[in-house]
Every structure is written in structure tokens, then in C-alpha cells.
Amino acid sequence: AQRVTQPEKLLSVFKGAPVELKCNYSYSGSPELFWYVQYSRQRLQLLLRHISRESIKGFTADLNKGETSFHLKKPFAQEEDSAMYYCALVPSGTASKLTFGTGTRLQVTL
Amino acid sequence: EPEVTQTPSHQVTQMGQEVILRCVPISNHLYFYWYRQILGQKVEFLVSFYNNEISEKSEIFDDQFSVERPDGSNFTLKIRSTKLEDSAMYFCASSVGTGTSPQHFGDGTRLSIL
């Protein structure tokens, strides 16, 4: 069975500081990895997925199969980045069930 | 931008009563999902639905739960006889395809069982 671990419940950084939200996974195959974000009083929304190799709102995430990690990074945090961030995994193939981590609350302060 | 809509936003029900949570997925999406999040815990998969049948379900999704797409737009989750532990936020999601296709979530329905 697959599992996603986000070790930090809360990450507090100053505006302009670098951000790294950790995500590790366990899955025997090649998973699809995602980061979802939930801003205050808003719905869960997709931030990025590893297959796209894109940067959204300055965030990037690299899949490291050796370390089974998919950490989310941003070089300079902004106040509007404050939100709940969830790492999620879908098993490879046709399955589409998302397995979520417990989430990390990012708090960006002045 | 099209959105997944869920009603009601908050449902309060007596234990043992039946409850139906409603969702309208994005119109051109073919895959539909229900997830739940008990307060303070992670989002958990309940069930996925495609081509008018369940494609996958979790251990949580026992005989008390059922899903239906009664018409071309609605997707419902029914809990037959609610228990206190069913209190949670229930999220509906939809996607165009599987795998890397992003799932789009609704705002959720907060279900409170008394």
C-alpha cells in the first residue's frame, strides 16, 4: 500500500526567506506525485504535479526516486503563500485514487 | 472557470438517520470521487466512479455508503445509517481522466452527526 509522509505540521518562515516543504512517499512502483494547496476558506486546488515539471507561483518540486521524496520549494516566500499544503500520490497505471499526506501549514510572517 | 459544486455546505443529522450529500462535477469530466477529512486528520479516499459504476473503493466505504449518478449532472454520496464517527468534511472531486489528470475539488460538505 502507498503512503505519503509530511513530517512538519507547521512551518513558519519570514517573508523573503526560502521555503522547503518536505514530502516523502512509499510505493513499490512509479507513482504520480502532486502538491495541492488550500488557502484560508478556499477549496483544495492543484498547485503542481511532477510530470509537468513546471513552476507555479514560484514553487517547484523535484521527484527524487532514490530518496522517495517530492519536496516543495520556493526561493523567496510571500505572505500570500500562507496556506495548508498537501502532498499526494496516485499509483501508476490507470488508478486515480489520491493518497494524501497529513499536510503542512505554511505561515509566512513579516 | 468551471468548478465542482457541493451542497449543502453544512449538514447536521441525528445518529442513525440517512444523509445524502450532493455534488455537481465539472461537465466534461468523466471520473468522480468522494474523499473525507475527519477534523485534525488527513484527507482520505472513499470511492471513485466511472461509467456509472464504482471503479475503486476504500475500506472506509462499507455497506452503509453508496454512490449514484442519478442524472447527467449530479453525483451523490448516501450514508444509510449515520454514526458519530461519520462526522467529517466530505469532498467531491472530478477529473477528465485518470493518473496524471488533476482532480478538481469542491468546497466540501461539513457533516455533523449528533
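Relevant structure appears above.
In short, a report on the structure.

Thresholds, definitions, all that
- Residues numbered from 1 in each chain as written.
- Chains lettered and ligands numbered in written order.
- Predicted model: local features only at pLDDT ≥ 70, side-chain atom pairs only at ≥ 80, totals over all residues.
- Heavy atoms only, no water.
- Helix = DSSP H or I, 4+ residues; strand = E, 2+ residues; numbered from the N terminus.
- Rg over C-alpha atoms; globule rule 2.2 N^0.38 Å.
- Buried < 20%, exposed > 50% of the residue type's maximum accessible area, 1.4 Å probe, protein only.
- Contact = heavy atoms within 4.5 Å.
- Lys, Arg positive; Asp, Glu negative; His and termini not counted.
- Charge placed at Lys NZ, Arg CZ, Asp CG, Glu CD.
- Buried area = accessible area lost by both parts, 1.4 Å probe.
- Salt bridge = Lys/Arg side-chain N within 4 Å of Asp/Glu carboxyl O.
- Nonpolar A, V, L, I, M, F, W, Y, C, P; charged D, E, K, R; others polar.

The next subject is the overall build of chain A. Scanning chain A from terminus to terminus reveals zero helices and eleven strands. Each helix and strand of chain A, ordered N terminal to C terminal, gives the series β-β-β-β-β-β-β-β-β-β-β. Rg of the C-alpha trace for chain A: 13 Å, near the compact-globule value of 13 Å for 110 residues, within the 12% margin. Seen through its principal axes, chain A has C-alpha atoms that stretch 45 × 30 × 25 Å. Evaluated residue by residue, chain A yields a buried proportion of 45% over its 110 residues. Sequence-distant contacts, at least 24 apart, represent 57% of the contacts inside chain A between residues at least 6 apart. Separation between the mean location of the 14 positive side-chain charges and that of the 9 negative ones in chain A comes to 6 Å.

Our focus in this paragraph is the interface of chain A and chain B. Taken together, the contact pairs 20 residues of chain A with 19 residues of chain B. Interface of chain A and chain B: buried area, both sides summed, is about 1800 Å²; carbon and sulfur atoms make up 54% of it. Where chain A touches chain B, the interface holds two salt bridges. Residue Glu3 of chain B is joined to Arg43 of chain A by a salt bridge in which the shortest nitrogen-to-oxygen separation is 3.5 Å. When residues of the side of chain A that touches chain B are traced back to their parent elements, those giving at least two are strand 5 (32–38), strand 6 (45–49) and strand 9 (83–90) of chain A. With four residues, strand 5 of chain A is the largest single contributor of residues to the side of chain A that touches chain B. Per-class residue counts for the side of chain A that touches chain B are ten nonpolar, six polar and four charged.

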